[in-house]
Amino acid sequence: MVRRLLRFIIVYAVIAIAVSAVFIGVQNVMARTYEPEASDVFKDGEKPSAIASLSGGCLAVLGRYTEGANAGMLFCKIYNRGGILIARHDFYLSDTMLEVTGLITAGSGLKIVCLCTPWDDTLPGFGAVFGINDQWKSDETVFFKPSALSQVEGGFDNFVSADDSGSRFAGISGRTVTLFGEAGNEIASVSPDFFSVITDVASSGSSFMLAGADTESSLGTHFRYGLCAMYGIEGSDSVLKWQKQFMNEENWCSAILEVETADNGFTLIGRMLNVGGNNWQSINRIETFRADNDPERFHIGNDSERENPTSLFILNISDDGSVSNSALYYTDSNEYIPALMQYDSGSEYNPFLLCVRSAEAEFASKYSVNIMRMSRELRLNDTYSFPVSGDTVFLCSQDITGAGFYACVYMSGSGTYRVIHFTSMDDAVNHMQTLLRLKPVRDFFFTLKKKAPVLIILAFVLMLTVSGAARVRRKRVK
């Protein structure tokens, strides 16, 4: 009896040790991906929405609290390459909804550009810029108030950065644009009637450019092509230099969604839709264009399930409006076209990051992420593709120092996340592929961990049963 019991215990121990070794290895990989550093502190269901690489090899994670008294409030946390938390800041304004419209990482700090909409809809919308300096301390918040005319129209519909250094900003109210300096001082204001929608503003030197779509009438309810208008600042006046349509091809409609300052000019990013005719389109179409330009939007299901897909275009233009470089992603079928995930003017080689996320079905067990890197001259340099578990959210950003890539990974609804620095995109791809292969073991481990007390009791009962059976058989032999 004792010999049989010992043999059972030894076999049981060997199996337990082997299984534990496997699970410990899996747990190490999972912990590096999902479990935050011990020094990191989470509260009120933190949900990241964007990450941005900063100088000195640091990363900013921006998001919102989803639970408790802080629900809806913005947070920004700064990490080093090792994922160690350096600083945390919370941003809010009483009785006001904050919508982040841009992150400026030029210089040694960070500026968070927000459109502020009071809950009292009788009050006008305005702009605010929250700053974090190079010591990771909060700077004084700068507010940008609409003019009397814009206040009558309800204040700003949008508020954006007008350059990549944080020295100029723009408030958009209908078809009225107000250009501001970094201290909140008004520089210029224009109200052109040849736009149906103004989507973005960029400023360089003594000029600034409006981008959006043209209009067929003073009502501004329909558009056909992307439109830009260049203005010069002369004293207190704004003088129109030129206006020009872009991507005005037959059977297509287009709109420019973003304009960025670039070397010797500007970069335009927009969408096109094949309409098969010359009809003007409702400005509601532009909201579809905006949605398609979301780099985290999923292409769900078969291509046949997607209707009216839009094409992506990126144009480099000079100060006179001539096109110097272009990247066009056309589609004539129902396929999903890349979105701009990141534009980093400070990157020497690959300032553009394009992204496509797709899954076979809604709530699928996995989805694929395809990332493309483009040069300043809009030349495609690298393409990467990797699978991600369906319960995992993956955010990615280039390290502006050129030392690799950052990722922010978390399980949906967990309220926590992990910051990972990869030396290359290949390392990131290999890590995510390994993570997906280990998912069944991970799920089993989590289940086993929850049921460990029950399993220990069952094992103990089994040992007693085996030893009891041995005693019965020995008595019969006697």
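For the structure itself, consult the block above.
Residues numbered from 1 in each chain as written. Predicted model: local features only at pLDDT ≥ 70, side-chain atom pairs only at ≥ 80, totals over all residues. Heavy atoms only, no water.

Undergrad: Would you take a moment to explain the environment of D263 for this structure?
TA: Structurally, the position occupied by D263 is in the loop between β18 (252-262) and β19 (265-274). Assessed through its relative accessible area of 53%, D263 is described here as exposed. Sequence spacing of D263 and S318 is 55 residues, and the spatial spacing of their C-alpha atoms is 8.7 Å. (Helix = DSSP H or I, 4+ residues; strand = E, 2+ residues; numbered from the N terminus. Buried < 20%, exposed > 50% of the residue type's maximum accessible area, 1.4 Å probe, protein only.)

Undergrad: Explain the sheet that holds strand β9 (residues 158-161) to me, please; I cannot follow it from the model alone.
TA: Backbone hydrogen bonds are what pair the strands of a sheet, in a parallel or an antiparallel way. Overall, antiparallel pairing links the four strands, which are arranged β9-β10-β11-β12 in an open sheet. Only two strands of the sheet have a single neighbouring strand rather than two, namely β9 and β12 (186-190). The average angle at which neighbouring strand axes cross in this sheet is 20 degrees, direction not considered. Sheet topology note: the strand β11 (residues 176-181)/β12 ladder contains four bridges and is antiparallel. Bridge pairing in β12 links F180 to E186. (Pairing = 2+ DSSP bridges. Axes fitted to C-alpha atoms, helices over the stretch in contact; angles between N-to-C directions.)

Undergrad: What should I look at first to understand the packing of aromatic side chains in this one?
TA: Given two aromatic rings, one states the distance between the centres and the angle between the planes to describe the pair. All chains considered together, the criterion is met by 18 aromatic pairs. With a centroid separation of 6.0 Å and 75 degrees between ring planes, the pair formed by F156 and F180 is classed as edge-to-face. Here F156 is found in the loop between α2 (148-152) and β9, whereas its partner F180 is found in strand β11, with 24 residues between them in sequence. Owing to a relative accessible area of 4%, F156 belongs among the buried residues under this scheme. Ring geometry for F298 versus Y367: centroids 4.8 Å apart, planes at 80 degrees, classification edge-to-face. Pair noted here: F298 is in strand β21 (residues 298-300) and Y367 is in strand β26 (residues 366-374), with a separation of 69 residues, a long-range link. Grouping aromatic residues by their ring pairs yields a cluster made of F144, F156, F159, F169 and F180. Here the basic side chain of K77 rests over the ring of F42, its NZ or CZ set 3.9 Å away from the ring centre. If you follow K145 out to its NZ or CZ, it ends over the ring of F126, 3.9 Å from the centre. (Phe/Tyr/Trp six-rings, centres within 6.5 Å; stacked < 30°, edge-to-face > 60°. Lys NZ or Arg CZ within 6 Å of the ring centre and 35° of its normal.)

That is the geometry; function is a separate question.
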